[in-house]
Amino acid sequence: MITKNKLIKTIAKPKINVITLGCSKNTYDSEVLMGQLRGNNLAVEHESNSLNKDDIIVINTCGFIDNAKQESIDTILQYSQLKDEGKVGKVIVTGCLSERYKPELESEITNVDAYFGTNDLQNILHSLGANYKHELIGERLLTTPSHFAYFKIAEGCNRPCSFCAIPLMRGKHVSRDMNELVNEAKILAANGTKELILIAQDLTYYGLDIYGKRNLDELLRRLSDVKGIEWIRLQYAYPSGFPMEILDAMNERENICKYLDMPLQHITDNMLKSMRRGITKQKTIDIVNEIRAKVPNIAMRTTLICGYPGETEQDFEEMYNWVEETRFDRLGCFTYSHEEKTHAHQLVDNVPEEIKQARVDAIMELQQGISFDINQEKVGKTFKVLIDRKEGDFFIGRTEFDSPEVDNEVLIDANSGYAANGSFVNVKIDRAEDFDLYGQIVK
C-alpha cells in the first residue's frame, strides 16, 4: 500500500508590529503599548523587518516640526502601500501627528484602518482585541538596551512657548503618581535596568498639579533609593521657576548623574519675550551660573532655535557670543519651524531657510570646537563608563555626563580588554576628538 506524505503547511501567526517615530516620549508610549499587548498574550514586535500578509502595523507618529511630520507621513504612506499590495493586513496610526491632524489624515490617506491620538491607549487596545490591564502599570516591553530606560514622569505641558505645538498634541501637564513611578523603577531594576532617563515635556513642573508644589527633588531621592538603579539622568528641565533643591539631591546622591538638559532656545531679550519663555537674558545667565556654582562638575546640555520670526543678525550674533562665553558641555541647534495654531504662527516667518541653516551651522561649528577643548581636558583622567554596545573593534559606552544617542561616547579598544553590555567599567582616557573619547579599561 502506497501512502502519501502529508504536506504540513506552517501558517505564520499574525503579529502586531509597532513602529516608533519621534522623541523618547514616543518610545516610552510604544513600550507601554507593547507591554499591554504582550500582557494580553498577543504577538508583538518593535520595528520588525519580517512582515506577513496578516500583520497589523501600528505607527506611533511625531508631529512636532516639519521634518518629523514629513517622516511620519512618509512612513504611513509606505505601510499603507504595503497594505494595498497585500503584504500586511492592517495599518493603525497613533501619536502626535494623528492627534493634531486626524481629520486631514483621514481624508488624505483613506486606506489606514484607524487613527488614534496621544491619549487613546485603551481605545487602541480594544481595536486590537485587547483589554487595558491595570495590573500591568509599570510593565513595559523595552525597545532600548535593557540596561537603560526612558522614564516618563509626566504628560503634557502648561508652558505658553509661542513656537511649540506640544500642548496641542499632548494637552495640559499631568504628573504621574510618585508611588506608581517608584514601583515602575523597581520593576525595571529587577529586570536589569541600571539607568533611568527621566523625561517629560517639563520635568521641573512635576508635582505642582497633584501635590501642590514642585516635587522633583523628593521623587529623585525616592528613585535613588531603588536597589539596582545606578544612574538617574534629567532631561527637559525648564529654566523659568527652576527648583534649585534638585541640585541638593544631585549633590547628596551618587547615583543622580551630574547632568542637566535645560533647553534655553535663545538668549536675547526680544527673542525670549516673543517666544514667551518667561525669562530674560540676565536671569538665564544667572541660573546657569548658579547651577554650575552649586554643582561645579555638572555637564549642562541645551538646545537653541535659529531663525525665529524677527531674529536679526544682531540677535544671532548675541546668541553666538553667549554660546562662546558660556561653553555648554553639550548643545543642539535647530532651525525654526512655523507651526499652525501656535502663537508664533501669527508672526511672519521672515528669516529665509538658507539663513536659518547657515546660523545653525555656525553655532554647531562653534560648539564642535568647544566640545573638542572640553574633551581634551579629560585626557589622562579616569571615568566610570556604562557600556552600551560593541561595534567593530570597539566597546562603546558613556560617562555620567552623556545621554544615549545625543551626546558624546567613549570608545574602548576591544582587543585590549573585555566589557559586557550593560556593565560599568573604569576607563582611563588616552585621547579625545570633538565628540568622542578613547580609552582603556583600568581596574
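Residues numbered from 1 in each chain as written. Predicted model: local features only at pLDDT ≥ 70, side-chain atom pairs only at ≥ 80, totals over all residues. Heavy atoms only, no water.

- An unreviewed UniProt entry annotates the protein chain as Ribosomal protein uS12 methylthiotransferase RimO of Pedobacter boryungensis.
- Looking at the Catalytic activity (unreviewed entry) heading of the UniProt record, one finds this comment for the protein chain: "L-aspartate(89)-[ribosomal protein uS12]-hydrogen + (sulfur carrier)-SH + AH2 + 2 S-adenosyl-L-methionine = 3-methylsulfanyl-L-aspartate(89)-[ribosomal protein uS12]-hydrogen + (sulfur carrier)-H + 5'-deoxyadenosine + L-methionine + A + S-adenosyl-L-homocysteine + 2 H(+)". (UniProt positions renumbered as here; feature names shortened; annotations may be inferred.)

**Some remarks on the sheet that holds strand β10 (residues 231-234)**
Thought 1: Taken in spatial order, the six strands make up an open sheet running β6-β9-β10-β11-β12-β13, and their pairing is parallel. The open sheet has two edge strands with one neighbour each: β6 (148-152) and β13 (330-335). Here the average twist between neighbouring strands, direction ignored, is 20°.
Thought 2: Where β6 and strand β9 (residues 195-199) come together, five bridges link them in parallel fashion. In the sheet register, lysine 152 faces β9, and the bridge partner there is isoleucine 199. (Pairing = 2+ DSSP bridges. Helix = DSSP H or I, 4+ residues; strand = E, 2+ residues; numbered from the N terminus. Axes fitted to C-alpha atoms, helices over the stretch in contact; angles between N-to-C directions.)

**Notes on the environment of glutamate 230**
Thought 1: Along the chain, glutamate 230 turns up in the loop between α8 (216-224) and β10.
Thought 2: Separated by 121 residues in sequence, glutamate 230 and valine 351 place their C-alpha atoms 45 Å apart.
Thought 3: A polar side-chain atom of glutamate 230 sits 3.5 Å from a polar atom in the side chain of lysine 384. (Polar contact = N/O pair within 3.5 Å; in protein donor to acceptor, adjacent residues only side chain to side chain.)

**What to know about the packing of helix α6 (residues 178-190) against α8**
Thought 1: Orientation of α6 relative to α8, taken along the N-to-C sense of each, is 30°, at an axis distance of 10 Å. Taken together, the axes of α6 and α8 lie roughly parallel to each other. Between α6 and α8 lies a crossing of right-handed hand. Touching Met178, Asn179, Leu181, Val182 and Ala185 of α6 are Glu218, Leu219, Arg222 and Leu223, all from α8.
Thought 2: Here the residues of the contact of α6 with α8 sort into six nonpolar, one polar and two charged. (Parallel < 35°, antiparallel > 145°, perpendicular 65-115°, else oblique. Left-handed = near helix turned anticlockwise from the far one by under 90°. Contact = heavy atoms within 4.5 Å. Nonpolar A, V, L, I, M, F, W, Y, C, P; charged D, E, K, R; others polar.)

**Details of the nonpolar core**
Thought 1: Membership of the largest hydrophobic core comes to 55 residues, with the highest contact counts inside it found for Ile153, Leu198, Phe242 and Ile291.
Thought 2: Among the elements that make up this core, the one with the highest residue count is α6 (six residues).
Thought 3: When sequence neighbours within four positions are dropped, the list of residues in contact with isoleucine 291 reads Phe242, Met244, Leu247, Leu260, Met262, Ile298 and Met300.
Thought 4: Core analysis: the next-biggest nonpolar cluster, separate from the first, contains 20 residues, Cys257, Ile387, Val425 and Leu437 among them. (Core = buried A, V, L, I, M, F, W, Y, C linked by side-chain atoms within 4.5 Å. Buried < 20%, exposed > 50% of the residue type's maximum accessible area, 1.4 Å probe, protein only.)

**Some remarks on the packing of aromatic side chains**
Thought 1: Enumeration over the complete set of coordinates arrives at nine aromatic pairs.
Thought 2: Ring geometry for tryptophan 322 against phenylalanine 328: centres 5.4 Å apart, planes inclined by 70°, an arrangement best described as edge-to-face.
Thought 3: Sitting above the plane of the tyrosine 238 ring, arginine 159 keeps its charged end 3.8 Å from the centroid.
Thought 4: The aromatic ring of phenylalanine 328 is capped on one face by arginine 292, whose charged end is 5.8 Å from the ring centroid. (Phe/Tyr/Trp six-rings, centres within 6.5 Å; stacked < 30°, edge-to-face > 60°. Lys NZ or Arg CZ within 6 Å of the ring centre and 35° of its normal.)

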